[in-house]
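Summary of structural features
Each chain, letter by letter, is given below.
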Amino acid sequence: MGCCSSAESKRDWKPLEERSCTDIPWLIIFTLFCIGMACICGFAIATGAASRLISGYDSYGNTCGQKNSPIEGIELSGRDQTENKYVFFLDPCNIDFINRKIKSIALCVFKCPDTELKTYEDLKKFALNNGSELCSYDISPTRYAKYHLEKETKCPKLPVPPSKSLPVFHRCVPVEIGCYAEFAQAFVTFVSDDSTLHRVIAGVMASKEIIFGLCLLALVLSLLLMVVIRYISIVLVWILTVLTVVGSIGGTGVLWWLYVDHRKALNDNAMSIFGKAVVSDNVQALLVYAIIATVATVILLLLMFFMRKRVALVISLFHVAGKVFIHLPLLVIQPVWTFLCLMLFWIYWISVLLSLGTAGTAMKHNVTGLVEYQMKGPLQYMVWYHAVGLIWVSEFILACQQMTIAGAVVTYYFTRNKSQLSMTPILTSVLRLIRYHLGTVAKGSFIITLVKIPRFILTYIHNQLKGKENACARCMLKACICCLWCLEKCLAFLNQNAYTATAINSTSFCTSAKDALTIMVSNALRVAAINTVGDFVLFLGKVLVVSCTAFAGVLALNYQRDYTVWVLPLLIVSVFAFLVAHCFLSVFEMVVDVLFLCFAIDTKYNDGSPGKEFYMDKSLMEYVENNKKGRYKPSDGPEMKALAH
């Protein structure tokens, strides 16, 4: 497949022109792989696993809601269950967590019990009135009330709690939480009225309106930050810097003030015992939050002090990125479409995985005499194939987003007359991806998959051997996991730049990766100065959104200090705020990276002379020309001099 050839053919540089299909063999491989996943899904449907998953089946191999064929060696198999559409478990609370299944006889019934059945006489009346026999098929309802030894094993455990059927999977599920007391006894003891966890959960329930409002605030702040980036990018860096410093110092000061205030309130004798317990938990939480905020603020201030002379380097690039979002506003919602595609694929993947759990040949268990479905031979490896498909296809979808954004930004950058841009540049980029570059995306995502799989395997081994391996083995496993993680991040960054080079020159993945790597190495100081500082500024934006949301959360939750524990509500809000800010600002970060590579390639092939005019934006061109003339201060650092070479 020609990963990297030693001799590169000379070609005229014509961005966005002379498109050709790239990495066709890898597109064929990926297509065949997807066909294999479809065959696994077809196998689950053809063997009846999908219907058994949706309709359910009893312990004798009969699928509920349909006629069944007899199974050799199983006396109660082959029954007509057309009228009995629901699965009823004799002891639904007897769950085997290791094997992830219910250790109980399952029956197909006409109706789930809607009232509590306390005696065998109640079982008899329910069977005669509703046609639902809740004991094994070989026991007549008239024998329910009579004494016989089979009652204990072939009839449900009394009392039978009221149940309701799941809307899709037709299982009778008890509606009373008391049914699960056997395996939840330790948990129930732990969350008694005096436990910390109970107060935490109570705090979340009492603050659910505040949590929802703060999550909405995080979304609004992220959108507002995108608007700020779009329209006032010139002063954005300094605004973010000042606000982050003020927000970090102010937030840390407020946390320490609230800690002192709550310590004083803890000594109030008029407070109830429950109120004192809540305030005591809040005092501990505030102390931890205040210490963490203090350390984070000190580190943040030190980073900003050492990078203060380099912040100005990204202003022009941010200004151009703001213009990109003016012309391509729909770039902001690209993560939404990617998330929807991932969700649909994950739902499909989980459905097939669950179907495989009920696929295979019906086998009689030697001990219980009941039916279990097992896959033997090569078929049992379909689950591993399916697991690899989860990683590769997920990475493929994420890579398609990167290629789409790169193609749209490249189109904007290398179009001299912006008024001639198509009405739908993002749609044009998607069509170009589908028509020419799916093979490149498949190859790049497969490389990431090759690194992820061993990392996941080593992580699984490390978790399974926790506490059993010696110190040397533990250190070696952790070192391997860290090395693979670092390699994955480096390859992901190289892949993103390779997709940009492919979008520009329509070259194969390896050629694009080699070109991108050569350009980044030859512009190492520019990469270190512009790309790193740009990512740092966007990180400050994420910190700003999280800080403002958490600060608002502290002020809002302060009015519920007597009955709300802050630990979980504030943590939920902060995590959600970071994820939302990361979702929006990651697109801007990607745009900045693409613009920088376009700028580097533009300066590589053009020098501004007639016939070799720059494609770059006027403001960025003025910035470069000023640096070419040596208009920099000696204190600006080596990266400013690098821009002037």
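Thresholds applied
Residues numbered from 1 in each chain as written. Predicted model: local features only at pLDDT ≥ 70, side-chain atom pairs only at ≥ 80, totals over all residues. Heavy atoms only, no water. Helix = DSSP H or I, 4+ residues; strand = E, 2+ residues; numbered from the N terminus. Buried < 20%, exposed > 50% of the residue type's maximum accessible area, 1.4 Å probe, protein only. Contact = heavy atoms within 4.5 Å. Areas by Shrake-Rupley, 256 points an atom, 1.4 Å probe, with all protein chains shown as cover. 1 Å grid on protein atoms, 1.4 Å probe; cavity = no way out; pocket = protein on both sides within 12 Å on 5 of 7 lines; lining within 4 Å. Points joined across faces, edges and corners; volume = space filled by probe spheres on them. Nonpolar A, V, L, I, M, F, W, Y, C, P; charged D, E, K, R; others polar. Expected span 1.5 Å × (residues − 1). Patch = residues over 30% accessible without salt bridge, like charges linked within 9 Å, V, L, I, M, F, W, Y side chains within 5 Å. Salt bridge = Lys/Arg side-chain N within 4 Å of Asp/Glu carboxyl O. Phe/Tyr/Trp six-rings, centres within 6.5 Å; stacked < 30°, edge-to-face > 60°. Axes fitted to C-alpha atoms, helices over the stretch in contact; angles between N-to-C directions. Parallel < 35°, antiparallel > 145°, perpendicular 65-115°, else oblique. Left-handed = near helix turned anticlockwise from the far one by under 90°. Core = buried A, V, L, I, M, F, W, Y, C linked by side-chain atoms within 4.5 Å.

Remarks on the overall build of the chain
Summing up its helical and strand segments, the chain has 19 helices and 8 strands in all. Each of the 645 residues in the chain was classed as buried or not, and the buried ones make up 46%. Partitioning the intrachain contacts of the chain with sequence separation of at least 6 by distance along the chain shows that 71% fall at a separation of at least 24. Entry remark: accessible area of the chain is about 33,300 Å², with carbon and sulfur atoms responsible for 67%.

Examining the layout of surface pockets
In this structure, the second largest pocket encloses a volume near 1,400 Å³. Leu 398, Gln 401, Gln 402, His 582 and Ser 586 are, among the 43 residues lining the second largest pocket, the residues nearest its centre. Secondary structure elements with two or more residues in the lining of the second largest pocket: α7 (208-231), α11 (334-357), α12 (382-413), α13 (425-464), α14 (471-505), α16 (524-557) and α17 (567-605). Among the elements that take part in the lining of the second largest pocket, α17 stands out by supplying 11 residues, more than any other. Counted by class, the lining of the second largest pocket contains 25 nonpolar, 10 polar and 8 charged residues.

Focus: helix α1 (residues 24-46)
In a regular helix each residue adds 1.5 Å, so 23 residues correspond to 33 Å; α1 covers 32 Å between its end C-alpha atoms and thus fits that length. By the burial criterion, the buried members of α1 are Trp 26, Phe 30, Phe 33, Gly 36, Met 37, Ile 40, Phe 43 and Ala 44.

What to know about the environment of Glu 372
As for its placement among the helices and strands, Glu 372 is situated in strand β8 (residues 371-374). The exposure class of Glu 372 is partly exposed, given its relative accessible area of 24%. When the C-alpha atoms of Glu 372 and Thr 361 are compared, they prove to be 8.1 Å apart, with 11 residues separating the residues in sequence.

Regarding the side chain of Gln 402
Position of Gln 402 among the secondary structure elements: in helix α12. If we ignore the near neighbours within four places in the chain, the residues touching Gln 402 are Gln 496, Tyr 499 and Met 590.

Points about a nonpolar patch on the surface
Taken together, the side chains of Leu 330, Ile 333, Val 336, Trp 337, Phe 339, Leu 340, Met 343, Trp 346 and Ile 347 make up a nonpolar region of the molecular surface, amounting to roughly 830 Å² of accessible area. Tracing the sequence through the fold places Leu 330 in the loop between α10 (315-327) and α11. In this structure Leu 330 comes out as exposed when scored by relative accessible area, which is 52%.

Some remarks on the packing of aromatic side chains
Counting across every chain of the model gives 12 aromatic pairs. Seen from their ring centres, Phe 33 and Tyr 385 are 4.7 Å apart, and the 25° between their planes marks the pair as stacked. Remark: Tyr 385 occurs in helix α12 and Phe 33 occurs in helix α1; sequence separation between them is 352 residues. When its relative accessible area of 11% is taken as the criterion, Phe 33 is described as buried. Classification of Tyr 385 as partly exposed rests on a relative accessible area of 30%. Between Trp 256 and Tyr 259 the ring centres are 6.0 Å apart and the planes differ by 85°, which places this aromatic pair in the edge-to-face class. Residue Trp 256 and its partner Tyr 259 are located together in helix α8 (residues 233-266), separated by 3 residues, close to a single helical turn.

Quick look at the packing of α1 against α12
In the contact formed by α1 and α12, the axes pass within 10 Å of each other and the chain directions differ by 130°. The angle between α1 and α12 falls in the class oblique. When you trace α1 past α12, the crossing you get is left-handed. Across from Ile 29, Phe 30, Leu 32, Phe 33, Gly 36, Met 37, Ile 40 and Phe 43 in α1, the residues of α12 making contact are Met 382, Tyr 385, His 386, Val 388, Gly 389, Trp 392, Val 393 and Phe 396.

Regarding the pattern of salt bridges
Under the definition given, this model contains 6 salt bridges. The salt bridge partner of Lys 111 is Asp 114, with a shortest N-O separation of 3.3 Å. One network of salt bridges, with partners in common, ties together Glu 395, Lys 452, Arg 455 and Glu 488.

Quick notes on the environment of Leu 303
With respect to the helices and strands, the residue Leu 303 is situated in helix α9 (residues 273-306). A residue is classified by how much of its surface remains accessible, and Leu 303, at 39% relative accessible area, is partly exposed. Separated by 233 residues in the primary sequence, Leu 303 and Phe 536 have C-alpha atoms spaced 9.5 Å apart.

Some words on the nonpolar core
With 72 residues, the main nonpolar core has Val 324, Phe 325, Leu 331, Val 409, Tyr 413, Val 591 and Leu 595 as its most contacted residues. Counting 29 residues, the second-largest nonpolar core is a separate cluster that includes Ile 74, Leu 107, Cys 112 and Tyr 144.

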